[in-house]
Amino acid sequence: AQSVTQPDIHITVSEGASLELRCNYSYGATPYLFWYVQSPGQGLQLLLKYFSGDTLVQGIKGFEAEFKRSQSSFNLRKPSVHWSDAAEYFCAVGNNDMRFGAGTRLTVKP
Amino acid sequence: EAGVAQSPRYKIIEKRQSVAFWCNPISGHATLYWYQQILGQGPKLLIQFQNNGVVDDSQLPKDRFSAERLKGVDSTLKIQPAKLEDSAVYLCASSVGTSGSNEQFFGPGTRLTVL
């Protein structure tokens with residue numbers, strides 16, 4: 001059965017520092033992988049997605065993620081975090097049967 | 001282009017009462033999803049429609065939850081009777097088609113509190 005694990009429930013980083021959010025998945029075939037962001041009171045917004053090809057994908061708002069098949073991981077990164085990046089981040093896996101992780105809440109310190 | 005619309009945004013009911021949520025997807029999107037997001041968890045797919053047909057409802061508690069998408073556009077999700085554990089945000093999403101390569105666009109959600 002497919003599943004997604006986000007090991008970090010809450011991460012705090014200083015503004016301007018780099019960020020990496022971890023995501024590990026279990027899926028029977030080559031998965032479609034996604035990262036979504038959810039700000040308070042907002043719906044989920046797609047940051048980036050991976051289907052095939054180049055394992056380093058670029059997304060919106062300066063985010064990128066790297067697919068590592070050997071580690072079953074799809075970690076999200078950003079070189080310099082802005083205060084507006086504070087939100088909940090969800091990793092998801094699947095085709096037409098999307099499964100979400102529990103989320104990582106990001107706090108940004110001034 | 002208008003996004004996915006949901007109403008109401010907030011609802012408070014007592015247990016054993018019934019409640020209904022409404023979703024209007026992005027125009028032209030054939031696929032519509034309902035998710036349940038319990039506090040501290042990721043969204044869980046309840047039901048997926050392709051036009052007015054159900055594609056996947058394997059995680060829908062059918063003894064109390066029902067959903068319909070008449071005419072293949074708007075959709076309604078109903079809970080009857082509600083339980084305390086149904087307190088959650090109910091998210092509606094839509095996409096062009098059922099393939100996982102199609103981006104899902106999410107509405108703002110309806111926050112349900114069951115007392």
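Residues numbered from 1 in each chain as written. Chains lettered and ligands numbered in written order. Predicted model: local features only at pLDDT ≥ 70, side-chain atom pairs only at ≥ 80, totals over all residues. Heavy atoms only, no water.

(A) Looking closely at the overall build of chain A. A tally of regular secondary structure across chain A gives zero helices and 12 strands. When its helices and strands are written in sequence order, chain A yields β-β-β-β-β-β-β-β-β-β-β-β. Overall size of chain A, expressed as C-alpha extent along the three principal axes, is 40 × 30 × 20 Å. Taking all 110 residues of chain A together, 46% fall into the buried category. The contacts of chain A with a sequence gap of at least 6 include a subset with a gap of at least 24, amounting to 53%. Surface exposure of chain A reaches about 5200 Å², of which carbon and sulfur atoms provide 47%. Charged side chains in chain A number 10 positive and 9 negative. The centres of these two groups are separated by 2 Å. (Helix = DSSP H or I, 4+ residues; strand = E, 2+ residues; numbered from the N terminus. Buried < 20%, exposed > 50% of the residue type's maximum accessible area, 1.4 Å probe, protein only. Contact = heavy atoms within 4.5 Å. Areas by Shrake-Rupley, 256 points an atom, 1.4 Å probe, with all protein chains shown as cover. Lys, Arg positive; Asp, Glu negative; His and termini not counted. Charge placed at Lys NZ, Arg CZ, Asp CG, Glu CD.)

(B) Region of interest: the state of the cysteines. Residues and elements named next belong to chain A. Throughout the structure, instances matching the rule amount to two disulfides over all chains. Shown here is the disulfide that connects Cys23 with Cys91, its sulfur atoms set 2.0 Å apart. Handedness here is read from the sign of the S-S torsion; for Cys23 and Cys91, about -65°, the answer is left-handed. Taken as a pair, Cys23 in the loop between β3 (19–21) and β4 (24–26) and Cys91 in strand β10 (residues 87–93) lie far apart in primary sequence, 68 residues in all. (Disulfide = S-S within 2.5 Å.)

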